[in-house]
Amino acid sequence: MNKVLAFAVAAVCLAQASDGRAQEQQSFKTLMARGYDIKNVTFARGESTENREVVLVTLQKEKSVAVCYFAAANWINLSAGTLDDARRCEVR
């Protein structure tokens, strides 16, 4: 019975993952140019970031949400290379 339940749960998860809700990556500058608004900026340091100082920036445009991840120094200095890097932001 447990194997059937596990299979059913896995099938539902796979179906949800493939229904067009995949994340895409875009640069912070591209998102700002497309009209996204910054909703929150969070500084984090600790176990979850391997003791690195990082900044998480949450953006929103209508029903779309993006989360960008930067080293704190790059965010403070507005490093052009980092802000243009499409790998820094996940969009849904």
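Residues numbered from 1 in each chain as written. Predicted model: local features only at pLDDT ≥ 70, side-chain atom pairs only at ≥ 80, totals over all residues. Heavy atoms only, no water.

(A) Quick look at the packing of aromatic side chains. Here the structure, examined in full by the defined rule, presents three aromatic pairs. Seen in terms of ring centroids, Phe 28 and Phe 70 are 5.9 Å apart; in terms of plane orientation they differ by 85°. Their pairing is edge-to-face. Taken as a pair, Phe 28 in helix H2 (residues 28–33) and Phe 70 in strand E4 (residues 64–71) lie far apart in primary sequence, 42 residues in all. Take Phe 28: its relative accessible area is 9%, and that puts it in the buried class. Judged by its relative accessible area of 1%, Phe 70 falls in the buried class. Aromatic pair Phe 28 and Trp 75: ring centres 5.4 Å apart, planes at 90°, arrangement edge-to-face. Separated by 47 residues along the polypeptide, Phe 28 in helix H2 and Trp 75 in helix H3 (residues 72–77) bring together distant segments of the chain. Each member of the pair, Phe 28 as well as Trp 75, carries the same accessibility label: buried. One aromatic cluster in this structure is built from Phe 28, Phe 70 and Trp 75. (Phe/Tyr/Trp six-rings, centres within 6.5 Å; stacked < 30°, edge-to-face > 60°. Helix = DSSP H or I, 4+ residues; strand = E, 2+ residues; numbered from the N terminus. Buried < 20%, exposed > 50% of the residue type's maximum accessible area, 1.4 Å probe, protein only.)

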